Amino acid sequence: MVNEREGDGDDALVVRMGQGDEEALRELIIRHQDRVYGTVARMIGGAGPDAEDLAQQVFLRIWRAAPTYRARAKFTTWLMTVTRNLVFTFCDNRSKRLVVSDVVLDEEGEEVEGGQESVMERNPRDDLSGKELVQAVRLACAHLPKKQRLVVHLREHEEMEFSEIAKVLGVSELGAKSLMFRARENLKNRLAEFFTEPS
Amino acid sequence: MKKTRDEGGDGLGPQLGRLWAADPVAKAPPWFAAKTMARLRREEDRKRGWFGLPRWVLLGAGAAILAVGWLRWDSQPSVADAELFAALDAMVEEDRESRWWAGL
């Protein structure tokens with residue numbers, strides 16, 4: 001999680017970027033590349049050229065917006081808002097092209113033969129290898145609506161507060177919590193057979 | 001201390017949280033920063049034209065030169081026009097003489 005000192009550093013870097021300092025951008029990229037790339041990859045269903053392209057676009061947008069940057073919230077909130085805009089546009093365009101989304105991606109982001117059936121036909125307790133579990137989680141994640149997917153990622157992985165998540169998504173705090181609740185219910189239904197004991 | 005997502009029931013909960021964490025989040029490739037910086041420079045260069053001026057300035061200047069040139073050319077009668085009118089006058093005169101000669 002980004003502490004206050006790092007947060008201050010981010011604002012200073014953006015001010016330097018606004019003055020045309022490319023070295024400041026490089027520092028900012030190194031500091032936040034895993035956060036942005038990881039979020040993009042989680043949202044679009046895996047790492048790869050698309051994730052790389054989108055993550056690069058996030059930093060280029062930050063660079064262009066730097067001269068007019070006003071620190072109204074934490075830098076990471078702004079960074080995630082820019083990421084959200086690009087990723088949601090990408091998801092919308094992709095969903096127009098692809099109707100069927102029942103695919104399973106392997107660890108390299110490649111499509112796996114068989115998709116959902118290969119995961120669900122087996123009893124997970126008989127053969128619950130790490131890879132199968134990963135596939136099932138990815139599939140469940142892919143079936144979440146994009147806002148729910150982002151809320152879960154920001155909460156579980158980035159450990160953001162709901163007030164920040166609400167700003168990223170442009171909803172109320174209650175709305176963000178409601179999205180989290182619905183995501184939890186969806187994931188429970190999809191991953192029910194992987195539960196080791198009733199919850 | 002790391003906050004557990006169970007607190008207040010606002011996270012995925014312990015079991016779902018563990019399942020979710022089974023799929024690790026991807027990390028940026030090692031070349032990511034270098035490639036992004038190269039892309040930035042490429043895009044900045046594309047926006048610039050000759051002499052380090054932005055492309056829109058050069059395009060605007062070019063369009064202004066063409067517009068001024070066209071207006072100046074259009075407002076002056078050309079030699080070609082004068083010759084054309086003289087030739088037409090001569091033809092009319094010749095036709096009038098021919099009709100007189102023929103007693104028309």
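**Student:** Can you help me understand the overall build of chain B in this one?
**Tutor:** Regarding its fold elements, chain B presents four helices and zero strands. Each helix and strand of chain B, ordered N terminal to C terminal, gives the series α-α-α-α. The 104 residues of chain B split such that 21% are buried.

**Student:** Help me out: how do you make sense of helix α2 (residues 32-47) of chain B in this one?
**Tutor:** Because each turn of an α-helix spans 3.6 residues, side chains separated by three or four positions in sequence point in the same direction. The end-to-end C-alpha distance of α2(B) is 23 Å, a good match for the 22 Å that 16 residues give at a rise of 1.5 Å each. Residues of α2(B) that are buried: Phe32(B), Ala33(B), Thr36(B), Met37(B), Arg39(B), Leu40(B), Glu43(B) and Glu44(B). All buried residues of α2(B) fall inside an arc of 160 degrees around its axis, so they share one side. The exposed residues of α2(B) that point more than 90 degrees off its buried face are Asp45(B) and Arg46(B). Buried residues in α2(B) make contact with α2 (22-44) and α3 (49-65) of chain A.

**Student:** I tried to follow the packing of aromatic side chains on my own but got confused; where do I start?
**Tutor:** In this description, an aromatic ring pair is defined by two values, namely the gap between the centres and the angle between the planes. If you walk through the whole model with that rule in mind, you get five aromatic pairs over all chains. Ring geometry for Phe59(A) versus Phe32(B): centroids 6.0 Å apart, planes at 65 degrees, classification edge-to-face. One end of the pair, Phe59(A), is in helix α3; the other, Phe32(B), is in helix α2, on a second chain. Of the residues examined, Phe32(B) reaches a relative accessible area of 0% and is grouped as buried. Look at Phe75(A) and Trp78(A): their rings are 5.9 Å apart centre to centre, the planes differ by 75 degrees, and that puts the pair in the edge-to-face class. Residue Phe75(A) and its partner Trp78(A) are located together in helix α4 (residues 75-97), separated by three residues, close to a single helical turn. Residue placement shows Lys146(A) over the ring face of Phe88(A); its charged tip is 5.2 Å from the ring centre.

**Student:** How do you make sense of the pattern of salt bridges when you look at a structure like this?
**Tutor:** A side chain with one charge can pair with a side chain of the opposite charge if their charged atoms come near. Using the criterion set out here, one finds 15 salt bridges over all chains in the structure. Across the pair Lys35(B) and Glu52(A) runs a salt bridge, and its minimum N-O distance is 3.0 Å. With Lys35(B) in helix α2 and Glu52(A) in helix α3, this residue pair bridges two chains. A relative accessible area of 41% places Lys35(B) in the partly exposed class. Between Asp53(A) and Arg39(B) there is a salt bridge whose closest N-O contact spans 2.7 Å. In this pair, Asp53(A) sits in helix α3 while Arg39(B) sits in helix α2, so the two residues belong to two different chains. Several salt bridges converge on common partners, so that one network encompasses Asp53(A), Arg64(A), Arg39(B) and Glu43(B).

**Student:** So what exactly am I meant to see when it comes to the interface of chain B and chain A here?
**Tutor:** Frequently, the measure chosen for interface size is the accessible area that the parts lose on association. Contact with chain B, which involves 31 residues of that partner, is made by 45 residues of chain A. Both sides of the chain B and chain A interface together cover about 3800 Å² of buried area, and 60% of this is carbon and sulfur. Where chain B touches chain A, the interface holds six salt bridges. As a salt-bridge pair, Glu43(B) and Arg64(A) come within 2.4 Å of each other at their nearest N and O atoms. Where chain B touches chain A, the interface holds 10 residue pairs in polar contact (both at pLDDT 80 or more).

**Student:** Help me understand the packing of helix α7 (residues 146-156) of chain A against helix α8 (residues 162-169) of chain A, please; the structure alone is not making it clear to me.
**Tutor:** Helices that pack against each other are described as a pair by the angle of their axes relative to one another and the distance between those axes. Residue and element names in this part refer to chain A. Relative orientation of the contacting elements α7 and α8 amounts to 145 degrees, with a least axis distance of 10 Å. Crossing of α7 against α8: the hand is right-handed. Contact residues: α7 offers Lys147, Leu150, Val151, Leu154 and Arg155, while α8 offers Phe162, Ile165, Val168 and Leu169. Broken down by class, the residue content of the contact of α7 with α8 amounts to seven nonpolar, no polar and two charged.

Conventions we followed
- Residues numbered from 1 in each chain as written.
- Chains lettered and ligands numbered in written order.
- Predicted model: local features only at pLDDT ≥ 70, side-chain atom pairs only at ≥ 80, totals over all residues.
- Heavy atoms only, no water.
- Helix = DSSP H or I, 4+ residues; strand = E, 2+ residues; numbered from the N terminus.
- Buried < 20%, exposed > 50% of the residue type's maximum accessible area, 1.4 Å probe, protein only.
- Expected span 1.5 Å × (residues − 1).
- Arc of directions from axis to C-beta.
- Contact = heavy atoms within 4.5 Å.
- Phe/Tyr/Trp six-rings, centres within 6.5 Å; stacked < 30°, edge-to-face > 60°.
- Lys NZ or Arg CZ within 6 Å of the ring centre and 35° of its normal.
- Salt bridge = Lys/Arg side-chain N within 4 Å of Asp/Glu carboxyl O.
- Buried area = accessible area lost by both parts, 1.4 Å probe.
- Polar contact = N/O pair within 3.5 Å; in protein donor to acceptor, adjacent residues only side chain to side chain.
- Axes fitted to C-alpha atoms, helices over the stretch in contact; angles between N-to-C directions.
- Left-handed = near helix turned anticlockwise from the far one by under 90°.
- Nonpolar A, V, L, I, M, F, W, Y, C, P; charged D, E, K, R; others polar.

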